Amino acid sequence: MDRFLLMQCFARTAEMGSFSAAARDLGLSQPNVSRYVAALESHLHRRLLQRSTRKLHLTPEGERYYAEARRILDAVAEAESSLRSEVAPAGLLRVACPTALAHEFVMPLVPSFLRANPDLELDLQISDRFVNLIDEGAELALRIGELSDSALRARRIGVFKRVCVAETGYIAARGTPHTPEDLGQHDCIVYSLLSTGAVWRFSRIEVPVSGRLRVNSPQAVREAALAGLGVALGPSWLFEDGLRTGRLRRVLRGYEAPPVPIHMLYVANRLLPRRAVAFMDFIADAFSRVEALNATA
């Protein structure tokens, strides 16, 4: 049996979540797609998909196989495209993106990007969870902060400042912190997914912080700050509206840590499809024109 066809059926089923949707996309019958995926599982002696009445889910073995299958299918598509001298990016592009960055900057750009690339599908995976590009099949990931994974390549596409803020009513009731050490006497809104945990990094010092509220969303940090629940740390653009209206005030000026980079990541030893290059160039160009994403020390 055609191993390439089996791989295509499996990959599209994993991407669309059902045999019937994959069948429509591939121009095949639903029973054939189901049979081809079963044949692939039989050949590999591994269960790749967990069947349920509502939706199919990848097993751990299926996740690993999908990442490699997607890489092979993309390499074949790219080779064929080069021979046909096609210039238009096409196919399905998966991009992982942190929530605040996605909602504030990336999603407003998506309509223009899709209009400019009518043969391309975009699967924007919005989450603050750490996405493993090697194992999970995403071709690109936007990541905030310094990098350490040598298996990935990175293109720097922006840089921003982190600032400390508090709501004016909170400051009136609790006073203004003048040094980072003063935060020990304040309620701090702790973003639980911060890479340093409940430790805030400033230019010359790191301090542990605590408070009555921990959240796992940058937007929730902003909402809590506006509600007067404590001192917040985050990107300057996250608090822009509150600072402009006067509801929020900057505190600890002069102690800010160096600006934080934003990178677009991709796997070093994997062929980067034209659609991924097109997205990276598009976002990098758009970000270069946003003042908040081009901070200086």
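Residues numbered from 1 in each chain as written. Predicted model: local features only at pLDDT ≥ 70, side-chain atom pairs only at ≥ 80, totals over all residues. Heavy atoms only, no water.

1. Concerning the pairing of strand β14 (residues 260-267)
- Extensive coverage of β14 is indicated by the burial of 8 of its 8 residues.
- Side-chain alternation along β14 places V260, I262, M264 and Y266 on one buried face and P261, H263, L265 and V267 on a second face that is also buried.
- Two strands pair when backbone bridges link them, and strand β5 (residues 140-144) and β14 are joined in this way by 4 bridges, in the antiparallel orientation. By the bridge assignment for β14, L142 is matched with M264.
- Of the strand pairs in this sheet, strand β6 (residues 152-160) and β14 are connected by 8 bridges, and their pairing is antiparallel. Along β14, the bridge assignment pairs L152 with V267. (Buried < 20%, exposed > 50% of the residue type's maximum accessible area, 1.4 Å probe, protein only. Helix = DSSP H or I, 4+ residues; strand = E, 2+ residues; numbered from the N terminus. Pairing = 2+ DSSP bridges.)

2. Observations regarding the nonpolar core
- Judged by nonpolar contacts, the single largest core of 57 residues is most densely connected at L140, L142, L183, W200, V231, W237 and F279.
- Broken down by element, the residue count for this core peaks at 6 residues, all from helix α11 (residues 274-287).
- Once residues within four sequence positions are removed from consideration, V231 is found in contact with C164, V165, A166, Y170, L183, H186, D187, C188, I189, W200 and V251.
- Y36, L49, Y65 and Y66 belong to the second-largest nonpolar core, a separate cluster that totals 19 residues. (Core = buried A, V, L, I, M, F, W, Y, C linked by side-chain atoms within 4.5 Å. Contact = heavy atoms within 4.5 Å.)

3. Considerations on the pairing of strand β3 (residues 91-97)
- Most of β3 sits out of view: 6 of its 7 residues are buried.
- Relative to strand β4 (residues 120-126), β3 is paired through 7 bridges, and the arrangement is parallel. By the bridge assignment for β4, L93 is matched with L122.
- Across 2 bridges, the pairing between β3 and β5 is parallel. From the neighbouring strand, A96 faces β5, where its bridge partner is A141.

4. Section: the pattern of salt bridges
- For the structure on display, the rule yields 10 salt bridges.
- With its nearest N and O atoms 2.6 Å apart, the salt bridge here joins D281 to R155. Here the residue D281 occupies a position in helix α11, and R155 occupies one in strand β6, the gap between them amounting to 126 residues.
- With a closest N to O distance of 2.6 Å, D285 and R289 form a salt bridge.
- Taking the relative accessible area as the measure of exposure, D285 reaches 42% and is therefore partly exposed. (Salt bridge = Lys/Arg side-chain N within 4 Å of Asp/Glu carboxyl O.)

5. As for the domain arrangement of the chain
- Partitioning the chain into structural domains gives domain 1 (3-83) and domain 2 (88-296).
- Domain 1 and domain 2 are separated by 34 Å when their C-alpha centres are compared. (Domains from an automatic or database assignment.)

6. Focus on the sheet that holds strand β12 (residues 232-235)
- Here we have 3 strands laid out as an open sheet, ordered β12-β7-β13, and antiparallel in their pairing. Only two strands of the sheet have a single neighbouring strand rather than two, namely β12 and β13 (248-251). Neighbouring strand axes in the sheet, compared pairwise and without regard to direction, differ in orientation by 45° on average.
- Bridging between strand β7 (residues 162-167) and β12 involves 4 bridges; their strand directions are antiparallel. Paired with C164 across the strands is L233, a residue of β12. (Axes fitted to C-alpha atoms, helices over the stretch in contact; angles between N-to-C directions.)

7. Overview of the environment of V199
- Here V199 is to be found in strand β9 (residues 199-201).
- The class of V199 is partly exposed, set by a relative accessible area of 27%.
- Considering only alpha carbons, one finds V199 and V209, 10 residues apart in sequence, at a separation of 5.8 Å.
- Those residues in contact with V199, other than ones at most four positions away along the chain, are L194, E206, V207 and P208.

8. Examining the confidence of the model for the chain
- Averaged over all residues, the pLDDT of the chain is 87; the fraction at 70 or higher stands at 91%.
- Per-residue pLDDT, averaged within each element of the chain, yields its smallest value for helix α7 (residues 133-136) (62) and its largest for helix α8 (residues 168-174) (97). (pLDDT = per-residue confidence, 0-100.)

9. As for the sheet that holds β6
- Reading across from one edge, β4-β3-β5-β14-β6 is the order of the 5 strands in this open sheet, with mixed pairing throughout. Only two strands of the sheet have a single neighbouring strand rather than two, namely β4 and β6. On average, adjacent strands in this sheet sit at an angle of 20° to one another, irrespective of strand direction.

10. Remarks on the environment of D74
- Looking at the secondary structure, you find D74 in helix α4 (residues 60-83).
- With a relative accessible area of 7%, D74 lands in the buried category.
- For the pair formed by D74 and P273, sequence separation is 199 residues and the distance between their alpha carbons is 6.8 Å.
- When near neighbours in sequence (up to four residues on either side) are disregarded, D74 contacts E139, P273 and R275.

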